[in-house]
Structure formats: C-alpha cells, structure tokens
Amino acid sequence: QVQLVESGGGLVQTGGSLRLSCAFSGRTFTNYEMGWFRQAPGKEREFVGSISRIGGYTAYADAVKGRFTIFRDNAKSTVYLQMNSFKPEDTAVYYCAATWTTRTTATMTRSSVDHWGQGTQVTVSS
C-alpha cells in the first residue's frame, strides 16, 4: 500500500519561496513517476509538475514554469517541490501524486495518477 505524506505548506508573501516535501512508502519508489497537483477553492485540481522515475525528465504547467522546480531523492524516497516567486494565484491545496510506470519520461496526467497524498495548504498573501 503506497502512502504519500506531504509537508512544508504554510503562509508566504508574494514573491517569497517555499519547499514542499512528499515522503513515499509502501512500494519501490523508483517504479513511480512522481508529481504535484494543486486545487484552488472552486476550481478543479490541476497539474503542476512531474518528474520521471529516475529523475532525468521533468514536466511543468505553463503557469509555474521557471518559478517552480520538482526534484527527487531516490535514496530517501522523497519528492520535493521548490516554489519561488510566488503569486497570489498560487494559493491552493497542493497534492503529491504517484503513478506506477515503466516509462522513463515525465508524462503524468490527472487520470494517470494511482495514489494521492492528503494535501497541504499553501496561502500566498499579497
């Protein structure tokens, strides 16, 4: 049984930075593409970024490209989301996601996600 536990959310000012962590357990971490999604009040959950099983490929939503960076530490079975240059519209609950795959590239979509974390709130104040 895969478990994903996020941490690192909180209140941050516009232009500030924050790093989210997601600890993975229950299966072999390197068999999973890992990603982050977010959901703002009244909106659908949307893709933020993902990273391939070994970590050689990443993909990002246009809204965060150049500001957010996803990376993973396979020895610690943890994936991170480094978020810089916050905008008020980044306010959302951020969810860690895992997709079992044999692919070596980053191709995660909402429909391909096998496991979700419980979510962590990020609030950007203007």
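The rules behind each value
Residues numbered from 1 in each chain as written. Predicted model: local features only at pLDDT ≥ 70, side-chain atom pairs only at ≥ 80, totals over all residues. Heavy atoms only, no water. Disulfide = S-S within 2.5 Å. Helix = DSSP H or I, 4+ residues; strand = E, 2+ residues; numbered from the N terminus. Buried < 20%, exposed > 50% of the residue type's maximum accessible area, 1.4 Å probe, protein only. Polar contact = N/O pair within 3.5 Å; in protein donor to acceptor, adjacent residues only side chain to side chain. Contact = heavy atoms within 4.5 Å. Core = buried A, V, L, I, M, F, W, Y, C linked by side-chain atoms within 4.5 Å. Pairing = 2+ DSSP bridges. Phe/Tyr/Trp six-rings, centres within 6.5 Å; stacked < 30°, edge-to-face > 60°. Lys NZ or Arg CZ within 6 Å of the ring centre and 35° of its normal.

Draft legend 1. The state of the cysteines, seen in detail. Counted by the stated rule, this structure contains one disulfide. The partner cysteine of Cys-22 in its disulfide is Cys-96, sulfur to sulfur 2.1 Å. Disulfide Cys-22 to Cys-96: torsion about the S-S bond roughly -80°, handedness left-handed. In this pair, Cys-22 is assigned in strand β3 (residues 18-25) and Cys-96 in strand β9 (residues 92-100), connecting sequence segments 74 residues apart. Pair check on accessibility: Cys-22 and Cys-96 agree, each one buried.

Draft legend 2. How the structure looks around the side chain of Gln-82. With respect to the helices, strands and loops of the structure, Gln-82 is situated in strand β8 (residues 78-83). Overall, the relative accessible area of 17% leaves Gln-82 in the buried class. Polar side-chain contacts of Gln-82 include one of 2.8 Å to the side chain of Arg-19. The contacts of Gln-82, once residues within four sequence positions are left out, are Ser-17, Leu-18, Arg-19, Arg-67, Phe-68, Thr-69 and Phe-71.

Draft legend 3. Structural view of unusual backbone geometry. Positive phi is not limited to glycine here, since Ser-77 has a value of about 50°. Take Ser-77: it is sitting in the loop between β7 (68-73) and β8. Even without being a glycine, Ser-85 presents a positive backbone phi close to 50°. Topologically, Ser-85 is positioned in the loop between β8 and β9.

Draft legend 4. Here's a closer look at the nonpolar core. In terms of nonpolar packing, the biggest core is built from 29 residues, with Met-34, Trp-36, Leu-81, Met-83 and Tyr-94 touching the most fellow members. Elements that contribute at least two residues to this core include exactly β3, β4 (32-39), β5 (46-51), β7, β8, β9 and β11 (120-125).

Draft legend 5. Layout of the pairing of β8. Where burial is concerned, most of β8 is hidden: six out of the six residues are buried. Because side chains alternate across β8, one face comprises the buried residues Thr-78, Tyr-80 and Gln-82, and the other comprises Val-79, Leu-81 and Met-83, equally buried. Sheet topology places β3 next to β8; six bridges connect them, and they run antiparallel. Pairing of Leu-18 across the sheet is with Met-83, part of β8. From the end of β7 to the start of β8, which pair antiparallel, there are four residues, and Ser-77 there has a positive phi angle of about 50°.

Draft legend 6. Structural view of the packing of aromatic side chains. Counting across every chain of the model gives seven aromatic pairs. Note on Phe-24 and Phe-29: the rings are 5.1 Å apart at their centroids and 55° apart in plane angle, and the pair reads as tilted. Their ring planes at 20° and their centres at 4.9 Å tell us that Phe-71 and Tyr-80 sit as a pair that is stacked. Following the ring pairs from residue to residue traces out a cluster consisting of Phe-37, Phe-47, Tyr-95 and Trp-116. Residue placement shows Arg-45 over the ring face of Tyr-95; its charged tip is 3.6 Å from the ring centre. One cation-aromatic arrangement involves Arg-45 over Trp-116; the distance from NZ or CZ to the ring centre is 4.6 Å.

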